[in-house]
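# Secondary and tertiary structure notes
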Amino acid sequence: MSSAKMSPAPKVTTHVLQEMKLKQEKIAMLTAYDFSMARILDAAGIDVLLVGDSASNVMAGNTTTLPITLDQMIYHATSVKRAVERALVVVDMPFGTYQGNSKEALNSAIRIMKESGANAIKMEGGVEIIESVERILSAGIPIMGHLGLTPQSIHKFGTYVVRATKDEEANKLIENAHRLEDAGCFALVLEKIPAHLGKRIAGELSIPVIGIGAGPDVDGQVLVLHDMLGITQDFSPRFLRRYHNLKEEITGSVQTYIQDVKSLDFPNDREQY
Ligand code: KIV
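Let me sum up the structure you'll find in this document.

The rules behind these values
Residues numbered from 1 in each chain as written. Predicted model: local features only at pLDDT ≥ 70, side-chain atom pairs only at ≥ 80, totals over all residues. Heavy atoms only, no water. Salt bridge = Lys/Arg side-chain N within 4 Å of Asp/Glu carboxyl O. Buried < 20%, exposed > 50% of the residue type's maximum accessible area, 1.4 Å probe, protein only. Axes fitted to C-alpha atoms, helices over the stretch in contact; angles between N-to-C directions. Helix = DSSP H or I, 4+ residues; strand = E, 2+ residues; numbered from the N terminus. Parallel < 35°, antiparallel > 145°, perpendicular 65-115°, else oblique. Left-handed = near helix turned anticlockwise from the far one by under 90°. Contact = heavy atoms within 4.5 Å. Nonpolar A, V, L, I, M, F, W, Y, C, P; charged D, E, K, R; others polar. Polar contact = N/O pair within 3.5 Å; in protein donor to acceptor, adjacent residues only side chain to side chain. Core = buried A, V, L, I, M, F, W, Y, C linked by side-chain atoms within 4.5 Å. Expected span 1.5 Å × (residues − 1). Near = heavy atom within 4 Å. Areas by Shrake-Rupley, 256 points an atom, 1.4 Å probe, with all protein chains shown as cover. Pairing = 2+ DSSP bridges. Right-handed = clockwise from strand over helix to strand, strands pointing away.

## Things to note about the pattern of salt bridges
Scanning all chains against the criterion turns up seven salt bridges. Salt-bridge contacts for R163 lead to E169; the nearest nitrogen and oxygen are separated by 3.1 Å. The class of R163 is buried, set by a relative accessible area of 11%. Among the charged side chains, a network of salt bridges with common partners joins D71, R111 and E115.

## Topic: the packing of helix α5 (residues 102–116) against helix α6 (residues 130–138)
Where α5 meets α6, the closest approach of the two axes is 8 Å, and the angle between their N-to-C directions is 45 degrees. By the angle between their axes, α5 is oblique relative to α6. When you trace α5 past α6, the crossing you get is right-handed. On the side of α5, the interface is formed by S102, K103, A105, L106 and A109, while α6 contributes E131, S132, R135 and I136. Per-class residue counts for the contact of α5 with α6 are four nonpolar, two polar and three charged.

## A closer look at the side chain of R163
For R163, the location among the structural elements is in the loop between α7 (154–157) and α8 (167–183). One polar contact links R163 to E169, side chain to side chain, over a distance of 3.1 Å. Among all residues touching R163, those that are not within four sequence positions of it are G148, L149, F157, E169, K192, I193 and P194.

## Digging into the environment of A38
As for its placement among the helices and strands, A38 is situated in helix α2 (residues 35–44). Considered as a pair, A38 and G100 are 62 residues apart in the sequence and their alpha carbons are 32 Å apart.

## Some details on the nonpolar core
Nonpolar side chains tend to gather and get buried jointly when the protein is soluble and globular. By size, the foremost hydrophobic cluster in this structure holds 63 residues, and its most contacted members are L49, I121, M123, I136, L188, L190 and I201. Per-element tally for this core: the top contributor is helix α4 (residues 70–83), with six residues. In this view, I201 contacts L173, I174, A177, L188, L190 and V209; residues no more than four positions away in its chain are not counted. In this structure, V48, L88, M144 and I210 belong to the second largest nonpolar core, which totals 17 residues.

## Structural notes on helix α11 (residues 246–262)
For α11, built from 17 residues, the straight-helix expectation of 24 Å at 1.5 Å per residue is met to within 8% by its first-to-last C-alpha distance of 24 Å. A positive backbone phi angle near 65 degrees is found at L264, which sits one or two residues after α11.

## Side note on the site of the ligand
If you check the shell around the ligand, you find T31, L50, G52, D53, S54, D92, K122, H146, E191, I212 and V224 and nothing else. Between an oxygen atom of the ligand and a side-chain N or O atom of D53, the distance comes to 3.0 Å. Measuring from an oxygen atom of the ligand, one finds a side-chain N or O atom of K122 at 2.9 Å. Coverage of the ligand by the protein amounts to 95% of the 260 Å² it exposes when considered alone. In the shell around the ligand, the residues fall into three nonpolar, four polar and four charged.

## Regarding the packing of α2 against α4
The contact between α2 and α4 brings their axes to 8 Å, and the two run at 40 degrees. Put simply, α2 runs oblique to α4. The chirality of how α2 crosses α4 is right-handed. Across the interface between the two elements, F35, A38, R39 and D42 of α2 pack against S79, V80, R82 and A83 of α4.

## Section: the side chain of S116
Within the secondary structure, S116 sits in helix α5. Relative accessible area serves as the criterion here: at 7%, S116 is assigned to the buried category. Here the side chain of S116 touches A118 through a polar contact of 3.1 Å, landing on its backbone nitrogen. The contact partners of S116, leaving out residues within four places of it in the chain, are I74, A77, T78, K81 and R111.

## Points about the pairing of strand β5 (residues 143–148)
For β5, the tally of buried residues reaches six of six residues, placing the bulk of the element in the interior. Neither face of β5 is exposed, since I143, G145 and L147 on one face and M144, H146 and G148 on the opposite face are all buried. Relative to β5, strand β4 (residues 120–124) runs parallel, the two being bridged by four bridges. When the bridges of β5 are listed, K122 appears paired with M144. Since β4 and β5 lie parallel, the crossover through α6 that links them has a hand, and here it is right-handed.

This is how it looks when you write it as structure tokens:
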């Protein structure tokens with residue numbers, strides 16, 4: 001019998017994502033917030049795991065992403081990173097840790113990288129955060145940008161409707177996308193914008209563009225795990241494809257368990273010592 005070991009799957013790096021764009025191989029990205037889920041997603045072959053500040057909604061039950069703290073993001077990121085062997089782990093910089101002051105932004109990014117072991121961070125915004133972006137990049141920390149619908153600015157937008165449908169906002173978005181690429185971001189997320197605009201930006205930029213509601217002609221797609229698995233069901237934007245109805249399955253399993261306990265069916269002879 002051969003004693004040769006299977007070689008571990010090569011790690012996804014920012015360089016690998018760049019090559020995938022060149023080869024026109026689509027990038028698959030999902031959110032993850034905990035060890036057990038991250039281990040399943042990584043073993044399934046996901047390319048990028050985003051420790052999104054959507055943890056504020058799906059893990060903590062807040063109505064927006066604003067309340068989550070840097071310490072809480074680091075806790076989620078550390079749990080995810082511990083589970084991952086192959087995927088690139090990207091962590092959202094939470095609201096209030098980078099918008100005002102580039103020195104504070106750098107300190108926040110350094111804490112995420114040092115304490116969680118993550119591979120990169122993600123930041124929402126364009127020209128208005130460019131000083132922070134440049135300072136963090138100059139410290140050698142890779143940044144994924146995020147434009148279009150940026151949930152941390154929900155109180156400014158006032159609504160979660162599709163962004164950049166008018167020329168003025170679309171032109172500003174294109175300009176911001178170029179600013180982020182020129183600054184040195186390794187990838188860009190575009191959220192909830194017209195498909196033709198997603199296509200145009202992915203075509204103009206040389207870095208990978210990952211869409212969530214940005215149409216099919218971008219370099220990859222991202223979804224929030226709890227939405228695509230059907231754990232959360234109160235959120236149904238057009239861009240969301242549900243791959244499972246896990247809420248129903250969990251409910252069924254829990255109801256059967258309750259019945260088994262109450263009817264003395266569980267534990268049986270084989271389930272005791
Ligand atoms: O926090 C998050 O889950 C995100 C994705 C929607 C891209 O930023």
